[in-house]
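Coordinates in review
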Amino acid sequence: MPRPRDRCRLHHLVGGWQDEETDTWPVVSSLVRAMATTHLGGGRDVVLPQYFARVDEIAGFEKLAREHGAGFREVVLLDDREAAIDRFNRRAQGSDDPWIRHHHRLIELGGGPVVPSPVGAVQETYELLVDALREPISP
């Protein structure tokens, strides 16, 4: 089964993937479909560690599986917002992985880090905000 980072490496092979103005997903999506088709054609399972928000994308992969006589399962892993944000931020700490750094850069360009603000946690939220404001601004 491919690891999530392996899928990210596919993006690295497409020119312009680090440019936030360039939409490389159509190219990567075509590669993913071709690879899945080859794998299914060989009688092997395919796991796509990717969230697909559009129903047409999900339906397309389901159709591809059915065309090759394979079953199709859709599973979404969820966590609460604060835990997901914490994992996202911890992943980047000290990481030299260009894919992880790229996504953190996109968050910064969109307005900076997300600060969780639970109901009633005024002091804790203030401290997190102060910490976020101490972080250097990207050029």
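1. A few points about the overall build of the chain
If you tally the helices and strands in the chain, you get six helices and zero strands. If you list the helices and strands of the chain from N to C, you get α-α-α-α-α-α. Here the chain holds 139 residues, and 23% of them are scored as buried. In the chain, of all internal contacts separated by at least 6 residues, the share reaching a separation of at least 24 is 46%. Total accessible area on the chain is roughly 10400 Å²; 56% of this is exposed by carbon and sulfur atoms.

2. So, the confidence of the model for the chain
The pLDDT averaged across the chain works out to 79; a share of 86% of its residues lies at or above 70. Every residue in residues 1-7 scores below 50 in pLDDT, and together they form ten contacts with partners more than four places removed in sequence or on other chains.

3. Considerations on the packing of helix α2 (residues 25-41) against helix α3 (residues 55-67)
Two numbers describe how α2 lies on α3: the axes approach to 10 Å, and their chain directions differ by 20 degrees. In terms of their interaxial angle, α2 and α3 are classed as roughly parallel. The handedness of the crossing between α2 and α3 is right-handed. Packed against α2, whose contacting residues are W25, V32, R33, A36, T37 and L40, the element α3 presents E57, G60, F61, L64 and A65 at the interface. In terms of residue class, the contact of α2 with α3 is made up of seven nonpolar, two polar and two charged.

4. Observations regarding the pattern of salt bridges
Counted according to the given criterion, the structure contains five salt bridges. In this structure, the salt-bridge partner of D86 is R90, at a minimum N-O distance of 2.9 Å. Placement of both D86 and R90 in helix α4 (residues 81-92) is noted, with a separation of four residues, approximately one turn of the helix. The class of D86 is partly exposed, set by a relative accessible area of 39%. According to the relative accessible area criterion, R90 is partly exposed, its value standing at 45%.

5. Things to note about the nonpolar core
Of all hydrophobic cores here, the largest spans twelve residues; its members are L10, V14, V28, V32, A36, L40, F52, I58, F61, L64, A65 and F72. Elements with a minimum of two residues in this core: α2 and α3. If near-sequence neighbours (up to four positions away) are discounted, I58 is found in contact with F52, F72 and E74.

6. Description of the packing of aromatic side chains
A full pass over the atoms with the stated rule returns one aromatic pair. Between F52 and F61 the ring centres are 5.1 Å apart and the planes differ by 45 degrees, which places this aromatic pair in the tilted class. For the pair formed by F52 and F61, the shared burial category is buried. Positioned above the aromatic ring of F61 is the side chain of R33, whose terminal nitrogen or guanidinium carbon lies 4.4 Å from the ring centre.

The rules we used
- Residues numbered from 1 in each chain as written.
- Predicted model: local features only at pLDDT ≥ 70, side-chain atom pairs only at ≥ 80, totals over all residues.
- Heavy atoms only, no water.
- Helix = DSSP H or I, 4+ residues; strand = E, 2+ residues; numbered from the N terminus.
- Buried < 20%, exposed > 50% of the residue type's maximum accessible area, 1.4 Å probe, protein only.
- Contact = heavy atoms within 4.5 Å.
- Areas by Shrake-Rupley, 256 points an atom, 1.4 Å probe, with all protein chains shown as cover.
- pLDDT = per-residue confidence, 0-100.
- Axes fitted to C-alpha atoms, helices over the stretch in contact; angles between N-to-C directions.
- Parallel < 35°, antiparallel > 145°, perpendicular 65-115°, else oblique.
- Left-handed = near helix turned anticlockwise from the far one by under 90°.
- Nonpolar A, V, L, I, M, F, W, Y, C, P; charged D, E, K, R; others polar.
- Salt bridge = Lys/Arg side-chain N within 4 Å of Asp/Glu carboxyl O.
- Core = buried A, V, L, I, M, F, W, Y, C linked by side-chain atoms within 4.5 Å.
- Phe/Tyr/Trp six-rings, centres within 6.5 Å; stacked < 30°, edge-to-face > 60°.
- Lys NZ or Arg CZ within 6 Å of the ring centre and 35° of its normal.

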